[in-house]
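Residue strings, one per chain:
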Amino acid sequence: MQITFFGTSSGVPTRSRNVSSVALRLPQRAEVWLFDCGEGTQHQLLHSELKISQITRIFITHTHGDHIFGLMGLLATYGLAGNPTKIDLYGPPGLNDYIKACQRYSFTHFSYPLKVHTVEPGIVYEDDEYIVKCGLLKHRVTAFGYRVEEKDRPGRFDVEKAKELGIPSGPIYGKLKRGEQVTLPDGRVINGADLCGPNQTGRKLVYCTDTVYCEGAVDLAKDADLLIHEATFAHQDAELAFQRLHSTSTMAAQVALQAGAKHLIMTHFSPRYAPGNDIQLNDLLNEAKAIFPNTTMAYDFLAYEVPRRD
């Protein structure tokens, strides 16, 4: 589970920060899942090691422009990227209408299947390896946070021990790796769990933006290995945060602390904290670390691999 930030500014891009977009790369299945798609996201992709053709799912938090204005361009380019397959798009009510309107007025036709899923709190996607859930946040429009849960995996299969026991290789190994009980041709009954190490606990990634502090974010982030949370304002500007329903650095840290998250990465910073101003981004980082020490400040193209729990 490898994270790359393509945009970490709120509202408008700056010289060093694009607007919101985060990629989750799943190398073992050659897939990229995108969370939000602000203007210029496909340009950011071109400056990374990720390929637009690997995108299979896009999760949109809400329909404000700094989170979706790059979506139509990226979808149009995807169809020209060589062997396009399909994209599943997830987001709040109105997202499908937005896509259809853009297609109609720009005369754009997608050369691949695009399925738009209107989400509501709960499970929005599940396969053999992952579950994706969403929950309501508190913003000026309907906004969702997303939680990606990797399912627990069987521990490492001890091939050498299997050979010592005289277990013939082949389909039997697959069953034993899954922890199943197998009867060998000679009548012996082998329990696969005895040949596997401890289960690997699945990792949990949570993405919360845009929102003011709310219990919905805390619930979504419970026991997360990584919480990505907006921190638009400094604590000193909390009144602005409440007016605009965004978070301060201290609100993001409080969510991480109360949720029992392992690591917080803050993003979605107001351009008002540019170098040379009275309050700068490093001040926001210090404010958050005073509450939740394991806090990092995102920047464009920051790459982070979510660690496994040993």
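This is a predicted model, so every value here is computed, not measured. (Residues numbered from 1 in each chain as written. Predicted model: local features only at pLDDT ≥ 70, side-chain atom pairs only at ≥ 80, totals over all residues. Heavy atoms only, no water.)

*Asks:* Can you help me understand the overall build of the chain in this one?
*Replies:* When helices and strands are tallied, the chain shows 10 helices and 16 strands. With the C-alpha coordinates aligned to their principal axes, the bounding extent of the chain is approximately 75 × 50 × 35 Å. With 310 residues in all, the chain has 52% of them scored as buried. Long-range contacts, defined here as pairs at least 24 residues apart, represent 62% of the contacts in the chain between residues at least 6 apart. By element, 50% of the accessible surface of the chain is carried by carbon and sulfur atoms, the whole surface being about 14,400 Å². (Helix = DSSP H or I, 4+ residues; strand = E, 2+ residues; numbered from the N terminus. Buried < 20%, exposed > 50% of the residue type's maximum accessible area, 1.4 Å probe, protein only. Contact = heavy atoms within 4.5 Å. Areas by Shrake-Rupley, 256 points an atom, 1.4 Å probe, with all protein chains shown as cover.)

*Asks:* Looking at this structure, how should I read the pairing of strand 14 (residues 264–267)?
*Replies:* Side chains Leu 264 and Met 266 project from strand 14 onto one buried face, and the interleaved Ile 265 and Thr 267 project onto a second face that is buried too. Bridge analysis of strand 14 against strand 15 (residues 295–297) gives three bridges, and the strand direction is parallel. In the strand pairing of strand 15, Ile 265 is matched with Thr 296. With respect to chirality, the unit in which strand 14 leads through helix 10 (residues 281–291) into the neighbouring parallel strand 15 is right-handed. (Pairing = 2+ DSSP bridges. Right-handed = clockwise from strand over helix to strand, strands pointing away.)

*Asks:* Sorry if this is basic, but what is going on with the sheet that holds strand 12 (residues 204–208) here?
*Replies:* If you walk across this open sheet you meet the seven strands as 7-8-9-12-13-14-15, and the pairing is mixed. Two strands in the sheet have a free side with no partner beyond their single neighbour: strand 7 (122–126) and strand 15. For this sheet the average axis-to-axis angle between neighbouring strands, irrespective of direction, equals 20 degrees. Looking at chain direction, strand 9 (residues 144–150) and strand 12 are connected through four bridges and run antiparallel. Note that in strand 12 the partner of Val 148 across the bridge is Leu 205. With respect to the sheet, helix 10 is in contact with strand 14 and strand 15, its orientation differing from that of strand 15 by roughly 165 degrees. (Axes fitted to C-alpha atoms, helices over the stretch in contact; angles between N-to-C directions.)

*Asks:* In this structure, what is going on with helix 9 (residues 249–259)? I would like to understand it.
*Replies:* Each full turn of the α-helix corresponds to 3.6 residues, which orients residues three or four apart in the same direction. Most of helix 9 is tucked away: eight of the 11 residues are buried. Tucked into the core, helix 9 has its buried residues touching helix 7 (215–220), strand 13 (226–230), helix 8 (238–244), strand 14 and helix 10. Once helix 9 ends, the next one or two residues include Gly 260, with phi positive near 70 degrees.

*Asks:* What's the story with the pairing of strand 2 (residues 21–26) in this structure? I'm lost.
*Replies:* The side chains of a regular strand alternate, first on one face of the sheet and then on the other. In terms of burial, strand 2 is largely enclosed, as five of its six residues are buried. In terms of strand pairing, strand 2 meets strand 3 (residues 31–35) through five bridges, oriented antiparallel. Bridge pairing in strand 3 places Val 22 opposite Phe 35.

*Asks:* How should I be thinking about the sheet that holds strand 5 (residues 87–91) in this particular structure?
*Replies:* Where strands meet in a sheet, backbone hydrogen bonds hold them as pairs that are either parallel or antiparallel. Overall, mixed pairing links the seven strands, which are arranged 6-5-4-3-2-1-16 in an open sheet. Each end of this open sheet is capped by a strand with a single partner; those strands are strand 6 (114–118) and strand 16 (303–305). Pairs of neighbouring strands in the sheet enclose a mean axial angle of 20 degrees, with direction left out of account. Here three bridges tie strand 4 (residues 55–59) to strand 5, and the two strands are oriented parallel to one another. Looking at the pairing, Ile 58 lines up with Leu 89 of strand 5. Seen against the sheet, helix 3 (residues 71–78) touches strand 3, strand 4, strand 5 and strand 6 and runs at an angle of roughly 165 degrees to strand 4. Strands in contact with helix 4 (residues 95–106) are strand 5 and strand 6; relative to strand 5, the strand with the most contacts, it is inclined by about 125 degrees.

*Asks:* How do you make sense of the pattern of salt bridges when you look at a structure like this?
*Replies:* Where charged atoms of side chains with opposite charge meet at close range, the side chains can pair. Applying the stated criterion across every chain, the model contains 16 salt bridges. Between Lys 133 and Glu 149 there is a salt bridge; the shortest N-O distance is 3.4 Å. Taken as a pair, Lys 133 in strand 8 (residues 130–136) and Glu 149 in strand 9 lie far apart in primary sequence, 16 residues in all. Looking at Lys 133, the relative accessible area reads 28%, which means it is partly exposed. With a closest N to O distance of 2.9 Å, Arg 203 and Glu 150 form a salt bridge. With a gap of 53 residues between them, Arg 203 in the loop between strand 11 (189–191) and strand 12 and Glu 150 in strand 9 connect regions that are remote in the sequence. Judged by its relative accessible area of 6%, Arg 203 falls in the buried class. Salt bridges here are not isolated pairs; linked through shared partners, they connect Arg 29, Glu 31, Asp 127, Glu 129, Glu 150, Arg 153, Arg 203 and Arg 308. (Salt bridge = Lys/Arg side-chain N within 4 Å of Asp/Glu carboxyl O.)

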